[in-house]
Amino acid sequence: MSACQDMAESLTLFATGALEPHEETRVRAHLDTCAACRREVSALQDTLGLAALPTLSPREQAVLEVLPQTTVSRWRRDQVRRATHLRTTGALMAAAAVLLLLLRPGMSPRTPSPSTPPASPVAASSTEEDVLALEQWALADPLSDALDLTDVDLEDAPESSSSWDVEAEEFLSSPSLGESL
């Protein structure tokens, strides 16, 4: 005799343990009265048992329970180790910089500083002349020498340059600027 057709899906879910409590109660009541369905559930449980993972040992369960704690503690340990390394490196670099600053004056040969001659009245007057020359140079127009137009008068220029004597209003009001060129 085979299992009941209307219970086939419920028996598979019962074998996997995926039924809701009220549905599981109904299937258990049916299994108490039907031997064919009991054999079907037993065969399903044997088949599904082959694919199921083995139960965890107590040691594996303990490792799984403390896994988040060990992961966080390793991360913290790595962070502290990195921070300590950075602090140590920074301190050593600072110490090396201070050492170089302290040893630098002793490493370079000392050269005597050039002595300045005492100020004489002639030197004072030449400095005043230098200052006046510098002020005149600063006030001078740098383009005045380059654009010195005293050699050529613009009125004496040939009339061929009359195209340049266009009034600005005429130029801007012309309809096609490109054609005039």
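All values derive from a computational prediction rather than experimental measurement. (Residues numbered from 1 in each chain as written. Predicted model: local features only at pLDDT ≥ 70, side-chain atom pairs only at ≥ 80, totals over all residues. Heavy atoms only, no water.)

A. Here's a closer look at the nonpolar core. By size, the foremost hydrophobic cluster in this structure holds 11 residues: A3, M7, L11, F14, L19, V27, L31, C34, A36, C37 and V41. For this core, the secondary structure elements donating two or more residues are α1 (8-16), α2 (21-33) and α3 (35-51). Tallying contributions element by element places α3 first for this core, with 3 residues. Once you skip the residues sitting within four places of it in the chain, V41 turns out to touch L11, F14, A15 and L31. (Core = buried A, V, L, I, M, F, W, Y, C linked by side-chain atoms within 4.5 Å. Buried < 20%, exposed > 50% of the residue type's maximum accessible area, 1.4 Å probe, protein only. Helix = DSSP H or I, 4+ residues; strand = E, 2+ residues; numbered from the N terminus. Contact = heavy atoms within 4.5 Å.)

B. How the structure looks around the pattern of salt bridges. Tallied over the full model, the rule gives 3 salt bridges. Taking the shortest distance from any N to any O, the salt bridge between R28 and E24 comes out at 3.0 Å. Residue R28 and its partner E24 are located together in helix α2, separated by 4 residues, close to a single helical turn. Of the residues examined, E24 reaches a relative accessible area of 27% and is grouped as partly exposed. Put simply, R81 and D78 hold a salt bridge, and the shortest N to O gap is 3.6 Å. (Salt bridge = Lys/Arg side-chain N within 4 Å of Asp/Glu carboxyl O.)

C. Layout of the packing of α2 against α3. Put simply, α2 and α3 touch, their axes get as near as 6 Å, and they point 115° apart. Each of H30, L31, D32 and T33 in α2 lies in contact with α3, whose residues at this interface are A35, C37, R38 and V41. (Axes fitted to C-alpha atoms, helices over the stretch in contact; angles between N-to-C directions.)

D. Focus on the confidence of the model for the protein. Confidence in the prediction of the protein, expressed as mean pLDDT, is 76, and 65% of residues score 70 or more. Per-element mean pLDDT across the protein ranges from 52 in helix α7 (residues 177-180) up to 93 in α2. (pLDDT = per-residue confidence, 0-100.)

E. Expanded view of a nonpolar patch on the surface. There is a patch of nonpolar side chains on the surface, built from V98, L99, L102 and L103 and spanning about 400 Å² of accessible area. Locating V98 in the fold gives a position in helix α4 (residues 58-107). (Patch = residues over 30% accessible without salt bridge, like charges linked within 9 Å, V, L, I, M, F, W, Y side chains within 5 Å. Areas by Shrake-Rupley, 256 points an atom, 1.4 Å probe, with all protein chains shown as cover.)

F. Here's a closer look at the packing of α1 against α3. Put simply, α1 and α3 touch, their axes get as near as 9 Å, and they point 45° apart. With respect to α3, the element α1 is oriented oblique. With respect to the hand of their crossing, α1 and α3 are arranged in right-handed fashion. Across from L11, T12, F14, A15 and T16 in α1, the residues of α3 making contact are C37, E40, V41, L44, Q45 and L48. Broken down by class, the residue content of the contact of α1 with α3 amounts to 7 nonpolar, 3 polar and 1 charged. (Parallel < 35°, antiparallel > 145°, perpendicular 65-115°, else oblique. Left-handed = near helix turned anticlockwise from the far one by under 90°. Nonpolar A, V, L, I, M, F, W, Y, C, P; charged D, E, K, R; others polar.)

G. Broad picture of the side chain of S10. Counting through the fold element by element, S10 comes out in helix α1. The exposure class of S10 is buried, given its relative accessible area of 11%. Those residues in contact with S10 that lie beyond four places of it in its chain are L19, E23, R26 and V27.

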